[in-house]
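Fold and geometry: a report
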Amino acid sequence: KQWYQRRVRGMIPYLRLIRIDRPIGTWLLFWPGCWSIAIAAQAGGLPNLALLATFGIGSIVMRGAGCTINDMADSEFDKKVERTRTRPLASGLITHKQAIRFLAIQLSIGLCILLSLNVPSILLGASSLFFVVTYPFMKRITWYPQAFLGLTFNWGALLGYTAVTGDFNLPVVLPLYVAGFCWTMVYDTIYAHMDKKDDIFLGVRSTALKFGQYNKPILSLFAIGTISFLALSGFNAHQTLPFYLSLVVESAHLFWQVFTVNLENGSDSMKKFVSNKVFGAIVFFGIVLSTLFKLKNSKSNNSDSSSNSSYI
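Residues numbered from 1 in each chain as written. Predicted model: local features only at pLDDT ≥ 70, side-chain atom pairs only at ≥ 80, totals over all residues. Heavy atoms only, no water.

1. Some details on helix α3 (residues 49-78)
Spelled out, the test is: Two axes enter the definition of the bend at a residue: one is fitted to the seven residues ending there, the other to the seven starting there, and the bend is the angle between them. Going along the chain from the N terminus, every DSSP run of H or I of four or more residues is numbered as a helix, and every run of E of two or more is numbered as a strand. Each polar contact in these results corresponds to two N or O atoms within 3.5 Å; when the atoms are within protein, one needs to be able to donate a hydrogen and the other to accept it, and residues that are neighboring in sequence are counted only if both atoms are side-chain atoms.
Along α3, the helix axis deviates most sharply at Met72, where the bend reaches about 45 degrees. Sitting at the head of α3, Asn48 places a side-chain oxygen 3.0 Å from the backbone nitrogen of Ala50.

2. A short note on the confidence of the model for the chain
Test applied: How sure the predictor is of each residue is captured by pLDDT, a score from 0 to 100. Any two residues whose heavy atoms approach within 4.5 Å at even a single point are treated as in contact.
Residue-level pLDDT values for the chain average 91, and 92% of them are 70 or greater. Taken as a whole, residues 299-312 scores under 50 in pLDDT and shows zero contacts with residues more than four places along the chain or in a different chain.

3. Quick look at the packing of α3 against helix α5 (residues 96-115)
To keep things clear, this is the line we draw: Whenever a helix is involved, its axis is fitted only over the stretch in contact; in every case the axis is a line through C-alpha atoms, and angles between N-to-C directions fall within 0 to 180 degrees. Each angle receives one of four descriptions, namely roughly parallel if under 35 degrees, roughly antiparallel if over 145, roughly perpendicular if within 65 to 115, and oblique otherwise. By convention, the crossing between two helices is left-handed when the near helix turns anticlockwise from the far helix through less than a right angle, and right-handed when the turn is clockwise.
Packing of α3 against α5 brings their axes to within 9 Å, and their N-to-C directions diverge by 155 degrees. With respect to each other, α3 and α5 are oriented roughly antiparallel. For the element pair α3 and α5, the recorded crossing hand is left-handed. Between α3 and α5, the residues in contact are Thr54, Ile57, Gly58, Val61, Met62, Gly64, Ala65, Thr68, Ile69, Met72 and Ser75 and His96, Ala99, Ile100, Phe102, Leu103, Gln106, Leu107, Ile109, Gly110 and Ile113, respectively.

4. Considerations on the packing of aromatic side chains
To keep things clear, this is the line we draw: The rule is short: rings of Phe, Tyr and Trp, with Trp giving its six-membered ring, pair when the centres are within 6.5 Å, and they are stacked under 30 degrees, edge-to-face over 60, tilted in between. Exposure is judged per residue with a 1.4 Å probe applied to protein chains only, and the accessible area is read against the type maximum: over 50% gives exposed, under 20% gives buried, and values in between give partly exposed.
This structure, assessed with the given rule, holds 17 aromatic pairs. Between Trp183 and Tyr187, the ring centres sit 5.0 Å apart and the planes meet at 80 degrees, which makes this aromatic pair edge-to-face. Of this pair, Trp183 and Tyr187 both sit in helix α10 (residues 170-192), separated by four residues, roughly a single helical turn. Overall, Tyr187 belongs to the buried group, its relative accessible area being 1%. Both rings, one in Tyr191 and one in Phe273, keep their centres 4.7 Å apart while their planes meet at 45 degrees; by these two values the pair is tilted. Of the two residues, Tyr191 is situated in helix α10 and Phe273 in helix α15 (residues 266-274); the sequence distance between them amounts to 82 residues. By relative accessible area, which is 18% here, Tyr191 ends up buried. When its relative accessible area of 6% is taken as the criterion, Phe273 is described as buried. An aromatic cluster of at least three residues, connected via ring pairs, comprises Trp35, Trp183, Tyr187, Tyr191, Phe273 and Phe279.

Written as structure tokens, this is what we have:
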């Protein structure tokens, strides 16, 4: 029993390192891949459940790896900020050597998951590693680290479709990827407002600071971009009425965030940020229902054709 208790206690810092108690990051990484898997489903069919599960596990593992890399890069910064000084690396509960070993395990699991996919997906997934590794350092060199997060977190929008079909359907997946990028610019800029005082103190950069008094107008443009590129992807994928109805709900959700968020209130910014797991779910189920509706349209058309043939 004592051995078991020691093991459990020893795991807690690593679970905190991967933010197991804050799953919102995993949801935000997971949804774009789900959208892509769903939009690749055959007319009248559900998304590939095995692939959804694979992407779910992969999201947990790779989000955790990203947190590990981020905390290794920021451990000195984290020691100087009240909110982050208790993180395992900053507080000394985990050493950098231990974090590197843990990261190697995470990346090995991620590689095993990637190798379970088809060859085009393996090549495409491997190419995302550059963004995974470099993103944590971007706030030191650019005012737009949120843009690099958008490039990283939405890679699943490119990968999901290829994992289903083995093909890279550019007219469908590229607008989906751009929509995800714009979405990330909205939610992560809102999130960055919670850290802007600390960012100024530490000398690091963010779009929250860069956009200044124009934050809400610029975020509104990114919200419009999100919906517009979702619509373009859906149009190219021959989506049906439920998809376009879901766009109305998604628009309302995004503009609710942008227009009602109090960017000077950390708890309200967090509330709006966390609500994006709901936005991702709305997009997903809109695509699923739309794909199921394709079969109904097809059957209706076939029925009309048969009736016309009988009449003739």
